[in-house]
Amino acid sequence: MLAGVRTASFLVGFLYLSAKMLWVGRHQGPREVLREVLLQVYFTGVQGLVPVAALAVVMGVLAMAWGFAAVGPLTGGEELGRLIVLVVLGEVAPLLTAGVVLVRSATAIAAELAVMRVQREIEALEVMGISPMLHLVSPRLVGGLVALVALNVVFAVVAVTTGLAVTAWMPKGAPLAVINALWGALTPEGFLVLGGKVVVGGLGFFVIACYHGMEASSSPTDVPVAVSRAALRGLVFLVVWQAGVSLGVLWGRGL
Amino acid sequence: MSGVTVPCATAALAVEVEGVRWWLGDFTVGPGQWVAVVPREEVAGGDLAVAVARVLATLVAPVQGALEVLGSDPQRLSYLELQALRRRIGLVQSWGGLLSNRTIAENVALPARVHGAPHRGDGDALAAELLAALGLAPFAEARPHQVDRLTGWRARVARALILQPAWLVVEGIGDWEGGGSAAWSALAAAVAKGAAAAVCLARPAPAFQSWLLARGGGTVSCHRGAPSVGTGREERR
């Protein structure tokens, strides 16, 4: 328990430092920092587009097909619309997207930073008066988060579009009912909750990945340890955070 | 020497390698001077040279003794002050250190891109000049893993020199062979222009030490001390 609190306080301090360096070091090669941010957006967002879109297609089809089969053809449209918004967009999208990003990018970040430590690249930056927090950690946090938010939007759009395509096989009028229900189920509160899940969840596992990567010693055997810790702790944080938010919302509604 | 900042001065300095403490003889290196830090006895592995270089380059605190670099005690500086100090330090690592996601040219130009080239020059142009001078131009677009060990070492020399440091720390002798090399000529030219340098060796190298002596360099020996009682963990700065 005490170790958990200690690690959590380190992680918060780590996040604070990386945010602080963005401001304090704003004159330290901003173009180089931007380059790193864009590279991270590319690695996480662009290269992660296909797996996220593929999962979104599968989820959109399955949710609509099973939902339609379960609630039946008469009232199906409206119920399915709510189901898509609440379950697919509210729960599955942030969890699956973050899962893909965690597996693809957070582990890669932890491995990359740990190898940089082993290969004395971080030490080289330090001796050049270049802050590794500013040039390695902050760009990965910012770029990773931007990409994660964008991938969530992609997941939502693809899942809804695919789901609507499935409604073509439903009785006449069902597609319109689904669209109306989708539109009606989108609320500012829902967006806020979704944003909190995505942003805080993503920030959490990216910080965990960067922390464990930077924490590695000069021994090569620390690289797999850093990756495994980043993956496991990132996943635990993600699931606990997203489940916690959902339960909090349900509790707030008196359910 | 009044009014001139001494690049490096040490007193009763000790470093620790795998639980063994090594004591360095006291030395002061003024502008335009260099010194070789040499162990009295053969040491297995090159960790001693790396450990000494890390301390002299302000990366690691000494386990004991006093170190003054460019007029400051690194231990008393804030992180930002330390960063500013390190811009005036060039460290030539004996291995590793080149950023693997950048080309050799980008690695060499990086300090100038971040901090600005000396005399408001163009960092990339300065890097190209250094690459040409050190015979690295054909490897400019190569990644660090695509070049051999000595080419990587020369790239680290070029990167260490790009900001025209006042204090140079070199791990090992790199591509030095009898009559020197382009990289060592560049290092010697930097010293001739007023930089100070310390070459940290893992083992005695009489031929190199003679070469250094002929250029006005001195030798500081370090000797093994009693095993320490501490944890042996280094404190990163």
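Just so you know, these numbers come straight off a predicted model, no measurement behind them.

A. Spatial organisation of the pattern of salt bridges. Applying the stated criterion across every chain yields a total of 17 salt bridges over all chains. The residue E36(A) makes a salt bridge to R35(A) at a minimum N-O spacing of 3.5 Å. A residue is classified by how much of its surface remains accessible, and E36(A), at 5% relative accessible area, is buried. Residue R35(A) is classed as partly exposed on the basis of its relative accessible area, which comes to 23%. Across the salt bridge formed by R113(B) and D124(B), the nearest N and O atoms sit 3.0 Å from each other. One end of the pair, R113(B), is in helix α3 (residues 104-115); the other, D124(B), is in helix α4 (residues 123-133), with 11 residues separating them in the sequence. If you follow the salt bridges from partner to partner, you end up with E32(A), R35(A), E36(A), E112(A), R140(A), R102(B), E106(B), R113(B) and D124(B) in one network.

B. Highlighting the layout of surface pockets. Residue and element names in this part refer to chain A. Looking at the second largest pocket, its volume works out to about 780 Å³. Contributing to the lining of the second largest pocket are 31 residues, with V85, L89, G90, G190 and L194 lying nearest its centre. Broken down by secondary-structure element, the contributors of at least two residues to the lining of the second largest pocket are α4 (76-118), α6 (132-166), α7 (174-185), α8 (188-215) and α9 (222-252). At nine residues, the largest contribution of residues to the lining of the second largest pocket is made by α8. Residue classes in the lining of the second largest pocket are distributed as 21 nonpolar, six polar and four charged.

C. Fine view of α9(A). All names here are of chain A. For α9, with 31 residues, the first-to-last C-alpha span of 43 Å sits near the 45 Å given by 1.5 Å per residue. Among all positions of α9, only V223, A226, A230, G234, L238, Q242, V245, S246 and V249 are buried. Looking one or two residues beyond α9, the residue adopting positive phi is G254, at roughly 75°.

D. Structural view of the side chain of T151(B). Position of T151(B) relative to the elements: it lies in helix α5 (residues 149-161). Using a relative accessible area of 3% as the deciding quantity, one classes T151(B) as buried.

E. Region of the structure containing the interface of chain A and chain B. Taken together, the contact between chain A and chain B spans 29 residues of the former and 31 residues of the latter. Here chain A packs against chain B, burying approximately 2500 Å² in sum over the two surfaces, 50% of which is carbon and sulfur. Counting across the chain A and chain B interface gives six salt bridges. Two residues, E171(B) and R120(A), come together in a salt bridge whose shortest N-O distance is 2.5 Å. Our count for the contact surface shared by chain A and chain B stands at 13 residue pairs in polar contact (both at pLDDT 80 or more). Secondary structure elements with two or more residues in the side of chain A that touches chain B: α1 (2-24), α2 (30-46), α4, α5 (121-127) and α6 of chain A.

F. Layout of the pairing of strand β9 (residues 218-224) of chain B. Relative to β9(B), strand β2 (residues 20-24) of chain B runs antiparallel, the two sharing three bridges. In the sheet register, W22(B) faces β9(B), and the bridge partner there is R224(B).

G. Molecular detail of the side chain of T97(A). Residue and element names in this part refer to chain A. Summarising the element assignment, T97 is placed in helix α4. Of note is the side chain of T97, whose polar atom sits 2.6 Å from the backbone oxygen of A93. Beyond its immediate chain neighbours, meaning those up to four positions away, T97 contacts V52, V92, L148, L151, N152 and F155.

H. Structural context of the pairing of strand β1 (residues 8-17) of chain B. All names here are of chain B. For β1, the tally of buried residues reaches eight of 10 residues, placing the bulk of the element in the interior. The sheet contact formed by β1 and strand β3 (residues 28-29) spans two bridges and is antiparallel. The residue bridging A9 from the neighbouring strand is T28, located in β3. When β1 meets strand β5 (residues 64-69), the two strands line up antiparallel, connected through five bridges. For A14, the partnering residue across the bridge sits in β5 and is Q64. Alignment of β1 against β2, held across four bridges, turns out to be antiparallel. Residue V15 lies in a different strand from β2, and its bridge partner there is W22.

I. Expanded view of the environment of K197(A). All names here are of chain A. Tracing the backbone shows K197 in helix α8. In this structure, the C-alpha to C-alpha distance between K197 and M59, residues 138 residues apart in sequence, is 19 Å. Only 3.0 Å separates the side chain of K197 from the side chain of E91, close enough to count as a polar contact.

J. α5(B), seen in detail. Taking 1.5 Å of rise per residue, the 13 residues of α5(B) would be expected to cover 18 Å, and the 19 Å separating its terminal C-alpha atoms lies within 8% of that figure. Most of α5(B) is tucked away, with 11 of its 13 residues classed as buried. Along α5(B), the residues classified as buried are T151(B), G152(B), W153(B), R154(B), A155(B), R156(B), V157(B), A158(B), R159(B), A160(B) and L161(B). In this structure, the buried residues of α5(B) make contact with α5 of chain A together with β6 (89-92), α3, α4, β7 (167-171) and α6 (182-192) of chain B. Its side-chain oxygen at 3.3 Å from the backbone nitrogen of L150(B), D148(B) defines the N-terminal cap of α5(B).

The rules behind the values
Residues numbered from 1 in each chain as written. Chains lettered and ligands numbered in written order. Predicted model: local features only at pLDDT ≥ 70, side-chain atom pairs only at ≥ 80, totals over all residues. Heavy atoms only, no water. Salt bridge = Lys/Arg side-chain N within 4 Å of Asp/Glu carboxyl O. Buried < 20%, exposed > 50% of the residue type's maximum accessible area, 1.4 Å probe, protein only. Helix = DSSP H or I, 4+ residues; strand = E, 2+ residues; numbered from the N terminus. 1 Å grid on protein atoms, 1.4 Å probe; cavity = no way out; pocket = protein on both sides within 12 Å on 5 of 7 lines; lining within 4 Å. Points joined across faces, edges and corners; volume = space filled by probe spheres on them. Nonpolar A, V, L, I, M, F, W, Y, C, P; charged D, E, K, R; others polar. Expected span 1.5 Å × (residues − 1). Contact = heavy atoms within 4.5 Å. Buried area = accessible area lost by both parts, 1.4 Å probe. Polar contact = N/O pair within 3.5 Å; in protein donor to acceptor, adjacent residues only side chain to side chain. Pairing = 2+ DSSP bridges.

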